[in-house]
Amino acid sequence: MAAAAAQHLSGHDAIAARYRDVDPVYGETRDIRLLGFVFFLLSDCILFSSFIFAYVYLRISAPAWPPFLGGHQLPWFDTSFAAMNSIVLFGSGVTMHFALENWKHLNKAKFNGWLIATIVLGIGFLLGQAHEYSVVGISWTGTTMGASFFTLTGMHGFHVFAGVCYLTILGLQANRGTYTGSKYFGLTAGTLYWHFVDVIWVFLFFLFYIW
Amino acid sequence: MQAGTSTTHEAHDAHDHIHPPPEGFVRKYVFSLDHKVIGFQYFFTGLLIMFIAGSFAELVRLQLTDPNGAIMSHTAYNEMFSMHGTAMVWLVLIPLVTGALGNFVMPLQIGARDVAFPWLNMASFWILPVAALILFSSMLWGGPHAGWTEYPPISLADGTAGALWCLAIFTIGISSTMTGLNFMVTIMKMRAPGMTWTRMPLFIWATFATALMNMVATVALSVAVGALFLEHVFSVPFFDPARGGSVVLYQHMFWFYSHPAVYIFIIPAFGVVSEVLPTFARKPIFGYKMIAFSSMAISILAFTVWMHHMFPSGIAPWLQLPFMILTYAIGIPTGIKIFSWMATIWGGRIHFTSSMLYALGFLITFTFGGLSGIFLASVPVDLHMHGTVFVVGHFHYVVAGGAVMGFLAAVPYWYPKATGRMLNERLAQLGFWLFFIGLNGTFLPMHWLGLEGMPRRTATYAGFAKAFPDAVFWNQFETAFSFLMAAAIGLLAFNVIWSLRHGTLAGINPWGARTLEWTISSPPPYYNFKKIPQVFDRPYNFDQPLPYRNTDNELDEFPEFGRVLMPIPQPVGAGA
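From a predicted model like this one, the values you see are computed outputs, not experimental measurements.

*Asks:* Looking at this model, I keep getting lost on the overall build of chain A. Mind explaining?
*Replies:* When helices and strands are counted, chain A shows 7 helices and 2 strands. Along chain A, from the amino end to the carboxyl end, the secondary structure elements read α-α-α-β-β-α-α-α-α. Its C-alpha atoms give chain A principal-axis dimensions of roughly 75 × 30 × 25 Å. Burial status across chain A gives 49% buried among its 211 residues. Taking contacts inside chain A between residues at least 6 apart in sequence as the whole, the part at least 24 apart equals 74%.

*Asks:* Any chance you could explain the packing of aromatic side chains here in plain terms?
*Replies:* The geometry of an aromatic ring pair is captured by the separation of the ring centres together with the interplanar angle, meaning the angle of the planes. Going through the model one piece at a time under the given rule, you end up with 70 aromatic pairs over all chains. Ring centres of F270 of chain B and F362 of chain B lie 6.1 Å apart, and the angle between their planes is 85 degrees; on these two criteria the pair is classed as edge-to-face. Taken together, the residues span a long stretch of sequence, with F270 of chain B in helix 8 (residues 247–281) and F362 of chain B in helix 11 (residues 354–377) at a distance of 92 residues. As far as burial versus exposure is concerned, F270 of chain B and F362 of chain B are alike and both buried. Arranged with centres 5.1 Å apart and planes meeting at 80 degrees, the rings of W474 of chain B and F477 of chain B form a pair that is edge-to-face. Here W474 of chain B pairs with F477 of chain B, and both are found in helix 16 (residues 470–502), just 3 residues apart, close to one helical turn. The exposure class assigned to F477 of chain B is partly exposed, which follows from its relative accessible area of 26%. Site record: aromatic cluster; members linked through ring pairs are F51 of chain A together with W90, W148, Y151, W165, F238, F239, Y250, F254, W255 and F395 of chain B. The lysine or arginine in question, R30 of chain A, covers the ring of Y19 of chain A, its NZ or CZ lying 3.6 Å from the ring centre.

*Asks:* Help me understand the environment of A146 of chain B in this model?
*Replies:* All names here are of chain B. Assignment of secondary structure puts A146 in the loop between helix 5 (118–137) and helix 6 (160–189). By relative accessible area, which is 10% here, A146 ends up buried. Each C-alpha atom, one on A146 and one on F104, is 35 Å from the other, the two residues being 42 residues apart in sequence. Those residues in contact with A146 that sit more than four places away from it in its chain are S82, Y151, I154, S155, D158 and R457.

*Asks:* I keep staring at the packing of helix 4 (residues 74–109) of chain B against helix 7 (residues 202–234) of chain B and nothing clicks. Help me out?
*Replies:* In a pair of packed helices, the angle between the axes and the distance between the axes together describe the arrangement. Residues and elements named next belong to chain B. Here helix 4 crosses helix 7 at 135 degrees, and the two axes come no closer than 10 Å. For the element pair helix 4 / helix 7, the angle class is oblique. The way helix 4 lies across helix 7 gives a crossing that is left-handed. In this structure, helix 4 contributes W90, T98, L101, G102, V105, M106 and Q109 to the contact, and helix 7 contributes F203, I204, T207, T210, N214 and L221. Considered class by class, the residues forming the contact of helix 4 with helix 7 number 7 nonpolar, 6 polar and no charged.

*Asks:* What is the right way to read the nonpolar core from this model?
*Replies:* Most often, soluble globular proteins have nonpolar side chains that are buried together. Residues and elements named next belong to chain B. Ranked by size, the top nonpolar core spans 246 residues in total, and within it W90, L91, W341 and F362 carry the most contacts. If you tally residues by element for this core, the top one is helix 8, at 22 residues. For F362, the residues in contact, after removing those within four places along its chain, are I266, A269, F270, V273, W341, T367, G401, G402, M405 and G406.

*Asks:* I keep staring at the layout of surface pockets and nothing clicks. Help me out?
*Replies:* What the second largest pocket holds in volume is close to 1,100 Å³. Looking at the second largest pocket, it is lined by 36 residues, and the ones nearest its centre are D44, L47 and H159 of chain A together with F170 and I174 of chain B. Secondary-structure elements contributing two or more residues to the lining of the second largest pocket are helix 3 (24–61), helix 6 (144–176) and helix 7 (185–210) of chain A together with helix 5, helix 6 and helix 7 of chain B. For the lining of the second largest pocket, a count of residues per class yields 25 nonpolar, 9 polar and 2 charged.

*Asks:* Even after reading the chapter, I still don't get the side chain of T151 of chain A, so can you show me in this structure?
*Replies:* Mapping T151 of chain A onto the fold places it in helix 6. One polar contact links the side chain of T151 of chain A to the main-chain carbonyl oxygen of A147 of chain A, over a distance of 2.5 Å.

*Asks:* I'm lost on the pattern of salt bridges in this one. Help?
*Replies:* Pairing is possible between side chains of opposite charge, provided their charged atoms come close. Residues and elements named next belong to chain A. For the structure on display, the rule yields 7 salt bridges over all chains. Note that R20 is salt-bridged to D21, the shortest N-O span being 3.5 Å. Classification of R20 as partly exposed rests on a relative accessible area of 48%. Since its relative accessible area comes to 21%, D21 is described here as partly exposed. Among the ionic pairs, E101 bridges to K104, the shortest N-O distance being 3.4 Å. Placement of both E101 and K104 in helix 4 (residues 79–104) is noted, with a separation of 3 residues, approximately one turn of the helix.

*Asks:* Sorry, what's going on with the interface of chain A and chain B here?
*Replies:* On the chain B side, the residues contacting the 32 residues of chain A number 37 residues. Both faces considered, chain A and chain B share a buried interface measuring about 2,900 Å² in area, 81% of it formed by carbon and sulfur atoms. The three residues of chain A that bury the most area against chain B are E28, I32 and F39 of chain A, which together make up 18% of that side's buried surface. Linking chain A with chain B are 0 salt bridges. Contributing elements (two or more residues each) for the side of chain A that touches chain B: helix 3 and helix 6 of chain A. For the side of chain A that touches chain B, the element with the highest residue contribution is helix 3 of chain A, accounting for 20 residues. The residue makeup of the side of chain A that touches chain B, split by class, is 18 nonpolar, 9 polar and 5 charged.

*Asks:* Looking at this structure, how should I read unusual backbone geometry?
*Replies:* Residues and elements named next belong to chain B. P153 follows P152 through a cis peptide bond whose omega is 5 degrees. That bond from S522 to P523 is cis: its omega, -10 degrees, falls within 30 degrees of zero. Its place among the elements puts P523 in the loop between helix 16 and strand 1 (534–535). With a phi close to 60 degrees, S235 is a non-glycine residue in the positive phi region. Here S235 is to be found in the loop between helix 7 and helix 8.

Calculation notes
Residues numbered from 1 in each chain as written. Chains lettered and ligands numbered in written order. Predicted model: local features only at pLDDT ≥ 70, side-chain atom pairs only at ≥ 80, totals over all residues. Heavy atoms only, no water. Helix = DSSP H or I, 4+ residues; strand = E, 2+ residues; numbered from the N terminus. Buried < 20%, exposed > 50% of the residue type's maximum accessible area, 1.4 Å probe, protein only. Contact = heavy atoms within 4.5 Å. Phe/Tyr/Trp six-rings, centres within 6.5 Å; stacked < 30°, edge-to-face > 60°. Lys NZ or Arg CZ within 6 Å of the ring centre and 35° of its normal. Axes fitted to C-alpha atoms, helices over the stretch in contact; angles between N-to-C directions. Parallel < 35°, antiparallel > 145°, perpendicular 65-115°, else oblique. Left-handed = near helix turned anticlockwise from the far one by under 90°. Nonpolar A, V, L, I, M, F, W, Y, C, P; charged D, E, K, R; others polar. Core = buried A, V, L, I, M, F, W, Y, C linked by side-chain atoms within 4.5 Å. 1 Å grid on protein atoms, 1.4 Å probe; cavity = no way out; pocket = protein on both sides within 12 Å on 5 of 7 lines; lining within 4 Å. Points joined across faces, edges and corners; volume = space filled by probe spheres on them. Polar contact = N/O pair within 3.5 Å; in protein donor to acceptor, adjacent residues only side chain to side chain. Salt bridge = Lys/Arg side-chain N within 4 Å of Asp/Glu carboxyl O. Buried area = accessible area lost by both parts, 1.4 Å probe.

Quick look at the structure:
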């Protein structure tokens, strides 16, 4: 009955109807899993904030920043390259948004295109980070600047890498029929995760390249 | 039925298909997804590690019977007290109060069939033995030496053992975080229909507050020990002053978790006491909302007081004052609870079962520990006493006299529900007196020894004993009494195993308690609730009928309190 009603609707109303009229067991577990996933992201957020606290603490209490190593002051980071790389990562957030929207509109071909674009941009960001690491000119163990920089961006890079793997799996699952037009919690979670990784990068970019 | 307007109730109806219980030993008892079995697993693992960590404590006490050190080298002594603290905090207390009690009781009290993520729950448990193995294997490399806090730079001298310590704590931190997340979602989403926030049992409020802290604070601990691990293994200079690092930074990161951690142990104990006192005083809990909200207030304030552990570490004076005031402030919600409990038993009809004895003992010892905490909150007093055994006395009064007491009150209370048989009451009461007397005998003298200046964490105290000759007598006194506590725990373990076979049959509701777990059979069936009950009121109004409908057992089948244990004719107000 509900499915029949949904056929008369179009666009966002149809999406809302499909979301709402999914069978109650799925609806209930979806809400539970969504809350659990949001809490997971919250605790992940605290993981980053604790390291950010350490970085801010060390930077504020340092006599000079960038710190001196062997009598020479270390160079600042190269903001322009990181800015371009950031645009790649934020762009992948946009493409991911379109991927999920197309899935909701039952447009599988476009979903696949946007998802592949997201994965490619994510890999591009990782390659950019690899380049950044090779040219940055400081070491992980030399100073607190290197310690904070490599630990935080490394952790973020690991999250991006995990996200790329996650999105690849989601793409395979979606094409194998794991998700439908009304049951697509996994895709929602993947999108949330990907946006979360983007938002963390906003903070890291500000803290290392702008501040 | 019109789809799309499904309320919580209908959603539960949709969930009414019951999964069959698993078959085969491994699925049933080892890698079980059932929250009750996982609760038992936590219970027995925690108890086993408690024996190991407790015997470390007894070795520490034996060493101090002689001011020159009676039995071991200084290095071995450092290892013993470090391992005692580490294992007791992370592998005993947190698994027992959140893992065992939370897992077994919480889904039953909210009328759920399991926790939200059973698989995650199983994973959380199985991380615990792995972490325990990593921690105890560090003793093969000499073990940690810098106390349970492992402050750098001292801990950096531990080498491999220190790295293994970090790894163990990091792993157990992940387990705690996952448990916290799981419990938060379970309590927020899976309560029985009609159980609004202010109709939840107080143990659920306590579990919720604990889960919140577990989820938020434990990650900060993981980061602290993770950074220490990086420093151990890859020489990353977070805490190395020679390369711009800061040792005080570790203390900040460590205590940002570890202060909430003490509330992670104690708040479930608050929850237990809030269940036990009204049940055995046969009176509604006094100040339900105040107790519930004070649990939440504590869990939030707990994040704002961490620097009071660091007054002597050279933090700025302008930071000391606000942290001193905030530390006093956290005494307010705790005081609200103490007074509410006293008002609950005031004029009640008190049944001195072993649970009730533990709960009353908790009121005494925990309040005492809280008061010595108020001493230590004051900056000048703390600077004087921070390095003395006064701190040890205070901490053990709140932890052994608070968290462990609360846990020991919970064991006889929920044992009948868990196993279907009563715990042997005589042995349990004997255990209480042993524990209570042993606890006070062990930790009370530490207060005046600490005021006289006896240093903590030292293998010998010959210099102090010269200045204060009574110290030797009091240390031997403490050691003697500490064995009473050990005997009490041994007795409990014996009792738990003996009663499995020989205890009196318990029936559905041996205490006449009113929370939801007492409406189903003992032990509960695999699916807990055949029908998901409807809740109409909070559970503490002892003079009214039970506020549930659609329960698995008819309400008038409930036995009166004391049918099994003691000949008390009628609870207050029932029928008379």
